[in-house]
Amino acid sequence: MAFSYCASRFQSLRRKSRVVSVGHIQLGGRHPIRVQSMTTTDTLDIQATARQSIELAEAGCEIVRITAPNVRAAEALGQIREEIRKAKVDVPLVADIHFMPNAAMEAAKHVEKVRVNPGNYADRKKFQIREYTDSQYEEELERLHEEFSPLVLRCKELGRSMRIGTNHGSLSDRIMNRFGDTPRGMAESALEFIRIAESLGYRDIILSMKASNPKVMIQAYRLVVAMMNEEKMDYPLHLGVTEAGDGEDARIKSAIGIGSLLLDGLGDTIRVSLTEDPVAEIPVAQDLANRAQEWWSSNNKSDLEVKENIDPFTYTRRTCQEIKLGQPHLSLGDKKPPTVFVSTHFPTFDTAAIIKEIAQVQTQSKDVPVEGLIVRIRTSSEFSSLQTLAQSLVGAIPLIIVEDERENDDELPPAKPGCVPMAWHPSAGFTEEAPLARFLAFCDQAGHYPIISLPGRELSDGTVALLACSPKSPLITLAPTDKIHTVAGYRVLATSLSLNQLSLPLWIRTREKDRLFPGADYFSARLLDASILSGSLLCDGIGDLISVENMGSLDRNRRLAYNLLQGSRARVSKTEFVACPSCGRTLFDLQSTTQRVRQATGHLKGVTIAVMGCIVNGPGEMADADFGYVGSGPGKIDLYVGKNRVKSAITENDAVDRLIDLIVEEGKWIDP
Ligand code: SF4
């Protein structure tokens, strides 16, 4: 697809969207990114829902969504609104609608915005396979027009805005049969609804394209923007990764999805969906929003004219030759999952501390090992400590990466047989060809692997020739840059390498100590930095090695790096959990249940388990899962294998054990 979705992939420029009002809050255009969330209480419990909405507003939530699963709940929104206004809180409310046009019609009387899911507003999802002829498809669209028009006209009359909120897992059978379970299907699904609304002269619309897989979500948002551009549409975007789960993994997935789109200038309102108290979503969303406002207002002009050779709407891993290094061999590049380098915060001369740290981490975490240890040297006097590490860590790690911070010193100690091999990286990088040539020659003589930092700009012919002729294929990383954002720098580097037929592995490093926004937590902020940088590149197929170097300890750096790879679906090292954030439809305690399921199954590497609050929306939304645990009635659980329900109405107390039985039956269980 040739069309484009953003003004620049090398500079963070905000997309121009139309302004839409949600009550007194305006979003889109040049308005700040609006932070929103959703209540988890039973909507019919007016007091509890009003109280939670007020708590959210007090925490900084600017728009509150409440589920309206039926007409009674939609009517209750009026009373909830009154209670909130009585407390002098003017936060706009949104009704969340699935399946129930009647509930939507009622809700529009009481709240400032109505969210509909185009996958289930007028269609039923039965996972039916059917071929639609063009005329049958047209007939279906006419039926859609008839069913959706009354809500559009009511919103228009009452001055309500609307979100057309597509979910990857709940596309209608009609869309699935024509476009498949794809970003294209998601985008088409939303545009069908928008065209109906426009035909009735209604344009107060916000769009979302959520998926639990950040890669799919990123592609769907990019695609819908590109398709809107073709049709001269400029609707604002609500960004979110759905069913992200809880804890660090959920924050990582949200930061990858939301952060990378914001970096490309897309997004007007965001929700960080967590299976936790919804108030916990607000600081994470605010931190992301603050970053985007800063990126968009930055004066850093990019004068780059590199023509990228990637398709931003389809995932393809960058071509990279296979390189073997280390002892035992690490295989990098080609189609190998990205390798994890980890830095220690101990100084290199404190060899005892480093050896102890490595011993602890490597014995505890065999599935997620340190594959290369990054150490720093500032003077040649540290060579003897390096040698001690290289001798002592044999069998514990395959490779030592020496971050060489010495000034004007080319001398390298020779590699010794029987020791851990070293990769040598002069941290100042190379802007000229002569020192680069000297360094490559020294590495060759000393028996070390070369790692080269290059600036995020086109490579000179001389540099290309040196890299191509190097006796040992170097690993490449980005030299620190303040000209363009770091993601853009890596994009340029990846493009320059491929344009010059250099298929060398790229190492993505998170090491900057970016500043903290007021009120932000240090580790949470660093987690967002790493997720946005590595996640957005990995989702574009760029990156053969990653490292996180600013989390304060080797163990934290290691864990975050693996979690990032899992969140980007680049390397699976543990069970993948898809968990809905819960809402007023939830029929059991989703937070504690998710924890129990996690405790029982968290060791099943490569298995995806979905924990979904309700039967109405659950099966559709857990599109990617191997097993599903879905609330089907008060205290009752249905279990799924893929999209098929295989056990019904199990008592909640027995459900985790039955889930394990099912995993055993399906041959996917291993003992912890
Ligand atoms: S799946 Fe979860 S968040 Fe979605 S509607 Fe059901 S209970 Fe609410």
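Novice: Which residues make up the overall build of the protein chain, and what values go with them?
Specialist: Looking only at helices and strands, one finds 19 helices and 25 strands in the protein chain. Compactness check: the protein chain gives a C-alpha radius of gyration of 26 Å against a globular reference of 26 Å for 672 residues, within 12% of the reference. The principal-axis extent of the C-alpha atoms belonging to the protein chain is close to 75 × 55 × 55 Å. The buried share among the 672 residues of the protein chain stands at 60%. Counting only contacts in the protein chain whose residues sit at least 6 apart along the sequence, the fraction spanning at least 24 positions is 71%. Summed over all atoms, the accessible surface of the protein chain reaches about 25400 Å², with 49% contributed by carbon and sulfur. In the protein chain, the 78 positive side-chain charges and the 87 negative ones have mean positions that sit 1 Å from each other.

Novice: Explain the sheet that holds strand β4 (residues 63–67) to me, using residue names and the numbers behind them.
Specialist: Pairing is parallel across the open sheet formed by 8 strands, whose spatial order is β8-β7-β6-β5-β4-β3-β10-β9. One side of each edge strand has no neighbouring strand; the edge strands of this open sheet are β8 (205–210) and β9 (238–239). Of the strand pairs in this sheet, strand β7 (residues 161–167) and β8 are connected by 6 bridges, and their pairing is parallel. For Gly-165, the partnering residue across the bridge sits in β8 and is Ser-208.

Novice: Let's hear about the sheet that holds strand β24 (residues 636–641): which residues, and what values?
Specialist: Strand order in the open sheet formed by 5 strands is β21-β22-β23-β24-β25, with mixed pairing between adjacent strands. Edge positions in the sheet fall to β21 (576–579) and β25 (644–651), since each has one partner strand and no second. With strand direction ignored, the average angle separating the axes of adjacent strands in the sheet is 20 degrees. Inspection of the sheet shows strand β22 (residues 608–612) paired to strand β23 (residues 627–633) by 4 bridges, in the parallel sense. Pairing of Val-611 across the sheet is with Tyr-629, part of β23.

Novice: So, helix α14 (residues 486–499): which residues are in play, and what are the values?
Specialist: End to end, α14 covers 20 Å across 14 residues, agreeing with the expected 20 Å (1.5 Å per residue, within 8%). Buried residues of α14: Val-487, Ala-488, Gly-489, Tyr-490, Arg-491, Val-492, Leu-493, Ala-494, Thr-495, Ser-496 and Leu-497, and no others. Where α14 is buried, its residues meet α7 (214–230), α8 (247–263), β17 (449–454), β18 (475–478), β19 (506–510) and α15 (522–539). Where α14 ends, the next residue or the one after it, Gln-501, has phi of about 55 degrees, a positive value.

Novice: Summarise α15; cite the residues concerned and give the values.
Specialist: Helix length check: α15, at 18 residues, gives a terminal C-alpha distance of 25 Å against a target of 26 Å (1.5 Å per residue), a fit within 8%. For α15, the buried fraction is high: 15 of the 18 residues fall into the buried class. Structurally, the start of α15 carries an N-cap: the backbone nitrogen of Phe-523 is 3.3 Å from a side-chain oxygen of Asp-521. Phi for Gly-541, located one or two positions after α15, is positive at around 80 degrees.

Novice: Mind laying out the nonpolar core, listing which residues take part and the relevant values?
Specialist: Ranked by size, the top nonpolar core spans 157 residues in total, and within it Ile-97, Phe-148, Leu-151, Ile-164 and Trp-424 carry the most contacts. Considering each element in turn, this core owes the most residues, 11 residues, to α7. When residues no more than four places from it in sequence are discounted, the contact partners of Leu-151 are Ala-104, Met-105, Ala-108, Val-114, Val-116, Tyr-121 and Met-162. Grouped together as the second largest cluster of nonpolar side chains are 28 residues, Val-607, Ala-610, Phe-627 and Ile-663 included.

Novice: Help me get a handle on the pairing of β24, residues and values and all.
Specialist: Sheet topology places β23 next to β24; 6 bridges connect them, and they run antiparallel. Across the sheet, Gly-628 pairs through a bridge with Tyr-640, a residue of β24. In sequence, β23 turns back onto β24 through a hairpin of 2 residues, with Gly-635 there showing a positive phi of about 70 degrees. The pairing of β24 with β25 spans 5 bridges and is classified as antiparallel. Bridging across to β25, Val-641 finds its partner in Asn-644. Turn length for the β24-β25 hairpin, with the two strands adjacent in sequence and antiparallel, is 2 residues, and the turn residue Gly-642 shows positive phi of about 60 degrees.

Novice: Tell me about the side chain of Asp-96, and name the residues and values.
Specialist: One can find Asp-96 in strand β5 (residues 93–97). Under the relative-accessibility criterion, Asp-96 is labelled buried at 3%. Polar contacts involving the side chain of Asp-96 include one to the side chain of Arg-65, which spans 2.8 Å. Not counting residues up to four positions away in its chain, the partners in contact with Asp-96 are Met-38, Arg-65, Ile-66, Thr-67, Ala-68, Arg-115 and Arg-585.

Cut-offs applied
Residues numbered from 1 in each chain as written. Predicted model: local features only at pLDDT ≥ 70, side-chain atom pairs only at ≥ 80, totals over all residues. Heavy atoms only, no water. Helix = DSSP H or I, 4+ residues; strand = E, 2+ residues; numbered from the N terminus. Rg over C-alpha atoms; globule rule 2.2 N^0.38 Å. Buried < 20%, exposed > 50% of the residue type's maximum accessible area, 1.4 Å probe, protein only. Contact = heavy atoms within 4.5 Å. Areas by Shrake-Rupley, 256 points an atom, 1.4 Å probe, with all protein chains shown as cover. Lys, Arg positive; Asp, Glu negative; His and termini not counted. Charge placed at Lys NZ, Arg CZ, Asp CG, Glu CD. Pairing = 2+ DSSP bridges. Axes fitted to C-alpha atoms, helices over the stretch in contact; angles between N-to-C directions. Expected span 1.5 Å × (residues − 1). Polar contact = N/O pair within 3.5 Å; in protein donor to acceptor, adjacent residues only side chain to side chain. Core = buried A, V, L, I, M, F, W, Y, C linked by side-chain atoms within 4.5 Å.

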